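# Observations on the three-dimensional arrangement
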Amino acid sequence: MIRARPFILLALALTLGACEAGETPLAPLPPEPSNSDPSLTGTFHGIFNGLYGGEVMLAANVQFALAESGGAVVGAFGIQGILDDGVTRSNVAGTGTLSGTVAVGDVAAVSLTAASDLCLHSSAFTGAYHRRTGVLGVDGVVHVFDQFCRVVAVYPVSMAMRR
């Protein structure tokens, strides 16, 4: 019994040594780069994937070109992506105008209305613009139209956009 004790103590010491604090497996994330232009002026890009009815997927790139002046925001949007129902893949694209408001402050509330260039239809987007980092976060709904301007799919959107 006395001979087993040194081996148990050695095993215990090795186990405790292995549990000591060491370098974490993931390095800390770098800080957000500072934003050289705190206004909501510029072209912001975002990506989203959405499901409609659990089956039809839309993977799209979105672009907002915005200009801010005195709390008012105007601009244009563009969306381009692929609609896939599991059988057929179709390219989709659309453009339109944007108008709305942005509040003052480091984290400014944003409200935008997107109006389609081809169909008489609009959608609302709300979110926040982080002036220090230049990140625009928006929530809203993307509508997909057929050739007769009927809404054929609706995709809830929540995405972060950057210049």
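Coordinates for the structure precede this section.
Residues numbered from 1 in each chain as written. Predicted model: local features only at pLDDT ≥ 70, side-chain atom pairs only at ≥ 80, totals over all residues. Heavy atoms only, no water.

### Focus: the side chain of Arg 131
Within the secondary structure, Arg 131 sits in the loop between β6 (122–130) and β7 (135–145). For Arg 131, a relative accessible area of 13% puts it in the buried group. (Helix = DSSP H or I, 4+ residues; strand = E, 2+ residues; numbered from the N terminus. Buried < 20%, exposed > 50% of the residue type's maximum accessible area, 1.4 Å probe, protein only.)

### Observations concerning the nonpolar core
Counting residues in hydrophobic clusters, the biggest one holds 30 residues, and the most contacted among them are Leu 40, Phe 48, Leu 58, Phe 64 and Leu 136. Put simply, the parts of the chain that give this core at least two residues each are β1 (42–52), β2 (56–69), β3 (72–84), β4 (89–102), β5 (107–116), β6, β7 and β8 (151–161). (Core = buried A, V, L, I, M, F, W, Y, C linked by side-chain atoms within 4.5 Å.)

### Quick look at the pattern of salt bridges
Scanning the model with the defined rule gives 4 salt bridges in all. Taking the shortest distance from any N to any O, the salt bridge between Arg 89 and Asp 84 comes out at 3.5 Å. (Salt bridge = Lys/Arg side-chain N within 4 Å of Asp/Glu carboxyl O.)

### Remarks on the state of the cysteines
The tally for this structure, following the rule as stated, stands at 1 disulfide. Each sulfur in the disulfide pair Cys 119 and Cys 149 lies 2.1 Å from the other. Between Cys 119 and Cys 149 the sulfur-sulfur dihedral comes to about -80°; the bridge is accordingly left-handed. Note that Cys 119 is positioned in the loop between β5 and β6 and Cys 149 in the loop between β7 and β8, a separation of 30 residues in sequence. Owing to a relative accessible area of 7%, Cys 119 belongs among the buried residues under this scheme. (Disulfide = S-S within 2.5 Å.)

### Quick notes on the side chain of Asp 146
Position of Asp 146 among the secondary structure elements: in the loop between β7 and β8. Judged by its relative accessible area of 18%, Asp 146 is buried. Within polar-contact distance, the side chain of Asp 146 engages the side chain of Arg 150 at 2.9 Å. (Polar contact = N/O pair within 3.5 Å; in protein donor to acceptor, adjacent residues only side chain to side chain.)

### Remarks on the packing of aromatic side chains
Counted by the stated rule, this structure contains 2 aromatic pairs. Aromatic side chains Phe 44 and Tyr 129 sit 5.9 Å apart centroid to centroid with 90° between the ring planes, which places their arrangement in the edge-to-face category. With a gap of 85 residues between them, Phe 44 in strand β1 and Tyr 129 in strand β6 connect regions that are remote in the sequence. Tyr 129 carries the same exposure label as Phe 44, and that label is buried. Geometrically, the ring pair formed by Phe 64 and Phe 125 is edge-to-face, given 6.0 Å between the ring centres and 75° between the ring planes. With Phe 64 in strand β2 and Phe 125 in strand β6, this residue pair connects regions lying 61 residues apart in the sequence. Judged on exposure class, the residue Phe 64 and its partner Phe 125 are both buried. (Phe/Tyr/Trp six-rings, centres within 6.5 Å; stacked < 30°, edge-to-face > 60°.)

### Points about a nonpolar patch on the surface
A cluster of nonpolar side chains, Tyr 52, Val 151 and Val 154, forms an exposed patch at the surface whose accessible area comes to about 210 Å². When you line up the elements, Tyr 52 lands in strand β1. (Patch = residues over 30% accessible without salt bridge, like charges linked within 9 Å, V, L, I, M, F, W, Y side chains within 5 Å. Areas by Shrake-Rupley, 256 points an atom, 1.4 Å probe, with all protein chains shown as cover.)

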